[in-house]
Amino acid sequence: MGSELALIALSAMLVNNFVLARFLGVCPFLGVSRRMDSAVGMSVAVLFVMTVASLATWLVQRLVLTPFGLDYLRTISFILIIAALVQLVEMVVQKSSPVLYQALGIFLPLITTNCAILGVALLVQQKDYGFLQTMTFAVAASVGFGLAMVLLAGLRESLALASVPRSFQGNAIVLVTAGILSLAFMGFSGLVRG
Amino acid sequence: MQSEPTMTLSPSPLTSSGITSAASGGGVALPGAIPARPGTNWAALWADMGADFRRGIVKENPIFRQMLGLCPTLAVTTSAVNGAAMGMATLAVMVASSFSVSAVRRVIPGGVRIPAYIVIIATFVTVVDLMMNAFAHDLHKTLGLFIPLIVVNCIVLGRADAFAGRKPIPRAIADAAGSGTGFLLALLALGAVREVLGSGSLFGVRLFTESYPAFLLFVLPPGAFIMLGMMVAGGSFWANRPGRGEA
């Protein structure tokens, strides 16, 4: 059991990294990675929401959708749960911890349209994971997301000082950089089978 | 990089380029609040619809200019067929949801419009998902997770909120069809290039002899990032080519 969880974690974090191998959450990956502090803020917000959202969607699937044979409502119900959850988290954080809200506030609304969150919820159902596996998968996936985010933010901060050919300025060089980062992560493939 | 408005990678896809473009891009003949009814200037409406349609294809191409909806773009374009299928599914969802959003735009209070739009979009995504599972099962298996993920594609929600939520139905449809076609063409182009380089074929037809050393890189994930970067750079080079003035 323990080794299985470790394999799930390793696979979600490195081998099948959410951003660099599965292409989930590319928009925030490219959008808010220009500075290191915003990259870290986004990663923490994703870690938080992804864990809670995976738990909520897993419970809804087990307690409502499966018993009543409502599988076709999965997409609609999951996205509504995620949207409602993000709103709730935002309100709770705002009331309870102004410091945390100041750090994460601007990232929270964007998370609803982060496909990594819905992606994890749907992948968990596809793989038919149990409770512990779901939680491990969600935490590892968001740690992998954060890892890729922080790496790219570091690269972009040094890229800002480099002289880039005119045509590549802007998004093009960021995409190529992300590609090389992804190439580096390909080195992990074969570490875990499946 | 952020000096050019159409290239803005703002952290807020719903409010950045869409609204400003919707405000500046349309014609002056038909104020957005007035729906088509008898007495409408049909010629002006028709011209606006043409402009709405064309805008999404090149000038505000979702992928190359706005960098929205990149997740499915990078993930499914391992071949031209996959890219085209994903593009068509997204186009269908966009047109249907923009039509519905525009039709009910007066009924939905501003405060809850985003959740309402998401429900509308999710409904059509479910329809497309189930239909593809029934009629194109193999394709459905290949695209897998990314069909339900059309729900969180920023372009769909972006166009619904920025354009369809404030314009009459015909223009909303034209705008969605334009952006959707731009998205489809971008996916088709990226898929075709990656398939030709990565497996030496196009639409499953072999182009080269068996001795062609396929660049495996281009069908693997890193190739998607690198190729899209190259294509964006190519577009930027073309836009800034000598003798063109400031683009």
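Residues numbered from 1 in each chain as written. Chains lettered and ligands numbered in written order. Predicted model: local features only at pLDDT ≥ 70, side-chain atom pairs only at ≥ 80, totals over all residues. Heavy atoms only, no water.

A. Quick look at the overall build of chain B. Regarding its fold elements, chain B presents nine helices and two strands. N-terminal to C-terminal, the α/β element order of chain B is α-α-α-α-α-α-α-α-β-β-α. Here chain B, with 247 residues, has 52% of them falling under the buried criterion. Summing over all exposed atoms, chain B offers an accessible surface of approximately 10,500 Å²; the carbon and sulfur share of this is 71%. (Helix = DSSP H or I, 4+ residues; strand = E, 2+ residues; numbered from the N terminus. Buried < 20%, exposed > 50% of the residue type's maximum accessible area, 1.4 Å probe, protein only. Areas by Shrake-Rupley, 256 points an atom, 1.4 Å probe, with all protein chains shown as cover.)

B. Representation of a nonpolar patch on the surface in the model. Residue and element names in this part refer to chain A. A surface patch of nonpolar side chains, about 400 Å² in accessible area, is lined by L59, L63, V64 and F68. On the secondary structure map, F68 appears in the loop between α3 (36–65) and α4 (74–96). Assessed through its relative accessible area of 61%, F68 is described here as exposed. (Patch = residues over 30% accessible without salt bridge, like charges linked within 9 Å, V, L, I, M, F, W, Y side chains within 5 Å. Salt bridge = Lys/Arg side-chain N within 4 Å of Asp/Glu carboxyl O.)

C. Here's a closer look at the side chain of S100(B). Residue and element names in this part refer to chain B. Note on placement: S100 falls in helix α4 (residues 80–103). Take S100: its relative accessible area is 14%, and that puts it in the buried class. Setting aside residues up to four positions removed in sequence, S100 forms contacts with I120 and F124. (Contact = heavy atoms within 4.5 Å.)

D. Representation of the interface of chain A and chain B within the structure. Contact residues are listed per partner, giving 43 residues for chain A and 44 residues for chain B. Counting each side, the surface lost to burial between chain A and chain B is near 3,700 Å², with a carbon and sulfur contribution of 79%. On the chain A side of the interface with chain B, the three residues burying the most area are F23(A), N171(A) and L175(A), jointly 18% of the side's total. Counting every contact that joins chain A to chain B gives zero salt bridges. On inspection of chain A and its partner chain B, the count reaches one residue pair in polar contact (both at pLDDT 80 or more). When residues of the side of chain A that touches chain B are traced back to their parent elements, those giving at least two are α2 (26–31), α4, α7 (115–127) and α9 (171–186) of chain A. Per element, the largest residue contribution to the side of chain A that touches chain B is 10 residues, and it comes from α9(A). Of the residues in the side of chain A that touches chain B, the class split is 27 nonpolar, 12 polar and four charged. (Buried area = accessible area lost by both parts, 1.4 Å probe. Polar contact = N/O pair within 3.5 Å; in protein donor to acceptor, adjacent residues only side chain to side chain. Nonpolar A, V, L, I, M, F, W, Y, C, P; charged D, E, K, R; others polar.)

E. Region of the structure containing the confidence of the model for chain A. Across chain A, the average pLDDT comes to 84, with 97% of residues at 70 or higher. Across chain A, helix α8 (residues 131–159) of chain A holds the top mean pLDDT of 90, while helix α6 (residues 108–111) of chain A sits lowest at 75. (pLDDT = per-residue confidence, 0-100.)

F. Structural view of the environment of V19(A). Residue placement: V19(A) occurs in the loop between α1 (2–15) and α2. Each C-alpha atom, one on V19(A) and one on G144(A), is 7.9 Å from the other, the two residues being 125 residues apart in sequence. Ignoring any residue separated from it by four or fewer positions in sequence, one finds V19(A) in contact with L24(A), G25(A), V26(A), F29(A), F145(A), A148(A) and F225(B).

G. Representation of the nonpolar core in the model. Residues F29(A), I111(A), L118(A), F137(A), L149(B) and F225(B) are the most contacted members of the largest nonpolar core, which totals 115 residues. Looking at this core, the element that brings in the most residues is α3(A), giving 10 residues. Apart from the residues within four sequence positions on either side, L149(B) is in contact with L24(A), C115(A), L118(A), G119(A) and L122(A). (Core = buried A, V, L, I, M, F, W, Y, C linked by side-chain atoms within 4.5 Å.)

H. A look at the packing of α3(A) against α4(A). All names here are of chain A. Direction vectors running N to C along α3 and α4 enclose 140°, while the axes themselves pass 10 Å from each other. When the axis of α3 is compared with that of α4, the two are oblique. By crossing handedness, the relation of α3 to α4 is classed as right-handed. Of the residues in α4, those touching α3 at F48, V49, V52, A53, A56, T57, V60, Q61 and L65 are R74, S77, F78, I81, I82, L85, V86 and V89. Partitioned by chemical class, the residues of the contact of α3 with α4 number 13 nonpolar, three polar and one charged. (Axes fitted to C-alpha atoms, helices over the stretch in contact; angles between N-to-C directions. Parallel < 35°, antiparallel > 145°, perpendicular 65-115°, else oblique. Left-handed = near helix turned anticlockwise from the far one by under 90°.)

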